[in-house]
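Listed here are the chains, written in short residue letters.
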Amino acid sequence: MPARSSTSDDPQILAELERKVLWLASWTIHNANHLRENADGLKVGGHQASCASLATIMTALYFDVLRPVDRVAVKPHASPIFHAIQYLLGKQTRERLEAFRGYKGAQSYPSRTKDLDDVDFSTGSVGLGVAQTLFSSLVQDYVRAHGWGTTRPEGRMVALVGDAELDEGNIFEAILEGWKHGLRNCWWIVDYNRQSLDAVVREGLWQRFETLFRDFGWDVVILKYGTLLEAAFKEPGGDKLRDWIDNCPNQLYSALVFGGGAAWRKKLNEDFAADNAVRELVGKRDDDELQRLMTNLAGHDLPSLRDAFHAIDHDRPVCFICYTIKGYSLPFAGHKDNHAGLMTPAQMETFRQANNVRAGHEWDKFEGLSLPAERLQQFLDNVPFAAASERRLKAPEIEVPAELPAPHQAITSTQTGFGLILNELGRADSAFASRIVTTSPDVTVSTNLGAWVNRRGLFAHEAMADVFKSERIPSTFTWEFSPTGQHIELGIAEMNLFILLSALGLSHSINGERLLPVGTLYDPFIARGLDALNYACYQDARFILVATPSGITLAGEGGAHQSIAEPLIGMAQDGLAAFEPAYVDELSVILRWAFAYMQKDGDAAPSDDSFVVARSDAKPVPTLADRAPDWLRDETGGSVYLRLSTRPIEQIERTMTPELRQGIVDGAYWLRRPGPNAQVMVAFTGAVAPEAIAAVGLMAEDRRDVGLLAVTSADRLNAGWTAAQRARERGLVHARSHIERLLADVPHHCGIVTVLDGHPATLGWLGAVAGHRTRSLGVEHFGQTGSLADLYEHYGIDANAIVAAAQAIAPGRPIRHLKALP
Ligand SMILES: Cc1ncc(C[n+]2csc(CCOP(=O)(O)OP(=O)(O)O)c2C)c(N)n1
Ligand SMILES: [Mg+2]
C-alpha cells in the first residue's frame, strides 16, 4: 500500500479534525441524553470523558496512520468517537448518530453485527476485544502460512485499550499465548488516563506494564509528554518542572487538571516558592496557556503520536503507553467521578461556542473549522484507511461432502465417534479437509483429537520435530509442528480458546479466506470462558465447539469435572445451535450439517418470519411457512455446540433415511412412535439413551403403546416452537414447528417423562407444547464420584427413576418392574 504523500497543511487539518471528532462525539452523546425524547426516564449513558481521552489518538490513527488492511478493536466507551470518524469519512449516517443508543441507531459499543459503519471487532465486555486483536494476528499468520491470501498485504491488528481494562485477566492469558506463538503485527495502544470507572488508578502501573510486555517480547513505547511540555522543559527551570510532574501523584495531577490554570499556578507557586526560574516559567503564561501546557500529555499531542506510530519499522508486537486525560478539554477533565460524566446543557452551550458551531448546524461536518470545506473534504477523500471500497471481505463456501464417515462400532461413545470421524477426515486430501482447523486448551488428547493431529500436524511458524519420535520412543501421538499444521494447541486458558475460535471464525470476513474451526474442551469448562463464547457469538464468528466429556456420566471425576447447566447455556446462547447426540450415526449427520451451517451467510434472508417482522415491521409473508417447515433460521447460519460423552453405549444398527436425518438435525425423532392409546412416553437426550430404552421395556407390560422420543437438540426444538408460535400470533395460522408435529398425534392424556444428564429444565418445556402432563428428570445438584449405576440412581436418571416418574404421572395398574426408590 503506497503511503499517502503528506502535505504541509496536514498537521493543521488533523488538528481541526481532532476538534471536530470530539465535538461530534460529545454532541452525539448530548443529543441522546438531553435532546432526544426519552420517555423511559432512563439516562442512556455519558462516556463523554472516556471519548475525550481517546479523541487525539483515534484522529491520528484513522486519518493518518492506519491502512485498509489494518483492523481495530476500539475501547468500548469510545464508540461515539469511532462513529464520528466514520461519519466524517462518509461511512456513518447522521440519522444513525442522531439515534445513538436508540432503536436501530449507532450502537453504544462498537458492534460488528449491529453497526453499519464497518466495525472490525465488537467490544463492550472489556478485555475481550483486546485479546481478539492478538488472536486475529495469529489467524492472519495461519492463513498466510497455508498459502492463502498472500496477495493481500499483511494488516496490523490494533487494540485501543483502557488502562483499567488491563485488569482483565484474559488479556494476560492472551499475552502468554501470543508469546508462545510468535505474535507479530499487533499493536496495543493503552489510553493511560490513570482513571477507571470508579476512581484514579494506582501509582506506577506503567512500570509494571512496561516490564511485563518487554518480558513477553513486545516493544514498549512510552508516550508521556507532548511537544509543548517538551519545549517548556528546555526553558530555564524546565528540568525541575519535569521532575515535579514525574513525581506528582496521579490523584493530585487529576485534581489539578480539573482545577485548571489557576489551580496549577497556585500549587506550582507554592511548591517552587524559592525557585525563580520555575515561577517565571509559570508566570509567563496566562491561566488558559498554563492549563494547555500542563495537560499537554503525548496522548493529546498529534505530532508526538504521529511520530511514534510512524517510527515503528518492525512487525514485532508493540505496546504504546500513551498518557492521556480522561475528559480532556471538557469541563470535568481529570475529575475522578467523570466516567458517566455528561456536560450540562449550559456546559454544552459553552462548548458549542468554543467550537464555533452555530445553533442548528451541530451535525455539519465542517462547521466551525477554519480551513475551507473543499480542502477538508479533499483530505478526507484521500485518507488511506478509507481507500478500500470494501473492508468486510467474503469467501466462497467450502463444499462439504454429502455424507461424513459414520464409523460403526457395536458399543461406543459419541466422543470416540468424534475422534474416529475426524481421523477419517484427516485422511482426505480435499479442499474441505484442508480448511478445517482444530484447537484445544491442553485437552487435545483427552477430547480425542489425537488421531486427527497425528495426521494433520500442529501449526507453528517454525517446523519442530517430535523428539520422542526421532528418539524412537513409542508414543501414541506424534507432536510435530510446521507452518502447514492444522491444529493450534493452546495452553489451558479456556478464554483463549473462545477468543481464538472467534478470530478463526471470522477469517472469511477479516482475511477473505474461510476456515472451518473446531474447538474442543471439557463441557464444564465452558463456564470458564462463557463471556468469551458469548462475545464470539455476538460477533457472528463461525465455529464448532465440541464439549466432552459431560455430565455426571463422567462418573469417577466428581462434581469438579461434571457439568449440569451447560445444556441450558446451549439453549440460551444466541448464535449457537446446541446438540447432544446419543449415537455416533447421529453425530455424523449433525457434524455434516454443522460444517455447512457454519458457512451460511449471516446476511441471507431468515426463514423465520418473526425475525422479519421484528426487523422491518413488514406484514408477514405467508409463503415463508412453506419454505421453512421447521421454523428455524437455518439460512442465516451460526456456530454449533456439540455436547458429547465418554460413555460407551450400544449403537443402533439402522439405515440413515432422509427423514431420520432431518429429524436428527431438527432436534428429535421417534425411536418408538407412541400408539393411539399411549399413556406415557419418554423423551431423552444423550448418554442416558440406554436408561430410557430400558425404562420403556420395563413399562411395556403395564402401559400401552409407550413412545420413545430421541431428542438430539432441545435448543433447536425449542427455537422452532417459539418461532412458530410467534408466527401464528402474527397471522400465519398454518405455522407448525417440528416438535408440534411430532407431538400432534400423542393422545392428550399421555404423560411425558423427560430425562437427560443435565439440568431437567432443558426438556421441561415439552409438556407446554401440546398440554401434556410432564415430569422432568435430570441433575440439579453437584455430582459425586461413583459408578454410573450409583450416580444415575442417586440423581434419579436411571431406568427405575424413569419408570417411577411414569407411574406417577400416567396412572394405571402398578408397573411390575418398578423397584422402590431409595
Ligand atoms: C467485563 C466488564 N466489566 C465491567 C464493565 C464496566 N466498565 C465499563 S468501562 C469500565 C472502566 C474502564 O476504565 P478504563 O478501561 O481505564 O477506560 P476509561 O474509562 O478510563 O476510558 C468498566 C469497569 C465492562 N464494560 N466490562
Ligand atoms: Mg482509564
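Calculation notes
- Residues numbered from 1 in each chain as written.
- Chains lettered and ligands numbered in written order.
- Predicted model: local features only at pLDDT ≥ 70, side-chain atom pairs only at ≥ 80, totals over all residues.
- Heavy atoms only, no water.
- Near = heavy atom within 4 Å.
- Polar contact = N/O pair within 3.5 Å; in protein donor to acceptor, adjacent residues only side chain to side chain.
- Areas by Shrake-Rupley, 256 points an atom, 1.4 Å probe, with all protein chains shown as cover.
- Nonpolar A, V, L, I, M, F, W, Y, C, P; charged D, E, K, R; others polar.
- Core = buried A, V, L, I, M, F, W, Y, C linked by side-chain atoms within 4.5 Å.
- Buried < 20%, exposed > 50% of the residue type's maximum accessible area, 1.4 Å probe, protein only.
- Helix = DSSP H or I, 4+ residues; strand = E, 2+ residues; numbered from the N terminus.
- Contact = heavy atoms within 4.5 Å.
- Donors = N, O, S within 2.8 Å, 3.2 Å for Na, K, Ca; no water.
- Phe/Tyr/Trp six-rings, centres within 6.5 Å; stacked < 30°, edge-to-face > 60°.
- Lys NZ or Arg CZ within 6 Å of the ring centre and 35° of its normal.
- 1 Å grid on protein atoms, 1.4 Å probe; cavity = no way out; pocket = protein on both sides within 12 Å on 5 of 7 lines; lining within 4 Å.
- Points joined across faces, edges and corners; volume = space filled by probe spheres on them.
- Pairing = 2+ DSSP bridges.
- Axes fitted to C-alpha atoms, helices over the stretch in contact; angles between N-to-C directions.
- Expected span 1.5 Å × (residues − 1).

1. What about the site of ligand 1?
Around ligand 1, a shell composed of 17 residues is seen, among which Lys 75, Asp 163, Asn 193, Gln 195 and Lys 326 lie nearest. Between an oxygen atom of ligand 1 and a main-chain N or O atom of Gln 195, the distance comes to 2.9 Å. Between ligand 1 and Lys 326 there is a distance of 2.6 Å, counted from an oxygen atom to a side-chain nitrogen or oxygen. Compared with its free state, where it exposes 590 Å², ligand 1 has 75% of that area covered by protein. Taken together, the residues that form the shell around ligand 1 break down as 3 nonpolar, 9 polar and 5 charged.

2. Some points on the nonpolar core
Counting residues in each nonpolar core, the largest one holds 156 residues, and the members touching the most others are Phe 63 and Trp 188. For this core, the element with the highest residue contribution is helix 2 (residues 48-65), accounting for 12 residues.

3. Digging into the environment of Gly 217
Take Gly 217: it is sitting in the loop between helix 7 (205-215) and strand 4 (219-223). Sequence spacing of Gly 217 and Ile 175 is 42 residues, and the spatial spacing of their C-alpha atoms is 9.7 Å. Setting aside anything within four residues of it in sequence, one finds Gly 217 in contact with Arg 316 and Pro 317.

4. Here's the deal with the coordination of the magnesium ion (ligand 2)
Around a metal, the idealised angle for a tetrahedral arrangement of four donor atoms is 109.5 degrees; for an octahedral arrangement of six donor atoms it is 90 or 180 degrees. Protein-derived ligands of the magnesium ion (ligand 2) are Asp 163 (OD), Asn 193 (OD1) and Gln 195 (O), with the metal-ligand distances lying across 2.0 to 2.1 Å. Asn 193 sits in the buried class, given a relative accessible area of 5%.

5. A closer look at the packing of aromatic side chains
Taken as a whole and judged by the stated rule, the model has 22 aromatic pairs. Where Trp 187 meets Phe 309, the ring centres are 5.8 Å apart and the plane angle is 25 degrees; that geometry is what we call stacked. Of this pair, Trp 187 sits in strand 3 (residues 186-192) while Phe 309 sits in helix 14 (residues 302-310); the two residues are 122 residues apart in sequence, bridging distant segments of the chain. For Trp 187, a relative accessible area of 1% corresponds to the buried category. Directly above the aromatic system of Tyr 87 lies the positively charged group of Lys 365, at a separation of 5.2 Å from the ring centroid.

6. Looking at the layout of surface pockets
The calculated volume of the second largest pocket comes to roughly 910 Å³. Contributing to the lining of the second largest pocket are 27 residues, with Gln 291, Arg 292, Tyr 328, Ser 329 and Leu 330 lying nearest its centre. Mapped onto the lining of the second largest pocket, the elements with two or more residues apiece are helix 1 (10-35), helix 8 (227-233), helix 10 (250-259), helix 13 (287-294) and helix 15 (345-354). Of the residues assigned to the lining of the second largest pocket, the class counts are 12 nonpolar, 10 polar and 5 charged.

7. Concerning the sheet that holds strand 19 (residues 751-756)
Read across the open sheet, the 5 strands follow the order 16-18-17-19-20; overall the sheet is mixed. Each end of this open sheet is capped by a strand with a single partner; those strands are strand 16 (668-672) and strand 20 (774-777). On average, each strand axis in the sheet is tilted by 20 degrees relative to the strand beside it, whichever way the strands run. When strand 17 (residues 680-685) meets strand 18 (residues 707-711), the two strands line up parallel, connected through 4 bridges. Residue pairing for strand 18: Ala 683 is matched across the bridge by Leu 709. Seen against the sheet, helix 29 (residues 689-699) touches strand 16, strand 17 and strand 18 and runs at an angle of roughly 170 degrees to strand 17.

8. Considerations on helix 1
Under the 1.5 Å per step criterion, the end-to-end length of helix 1 is 35 Å for 26 residues, consistent within 8% with the ideal 38 Å. Most of helix 1 sits out of view: 20 of its 26 residues are buried.

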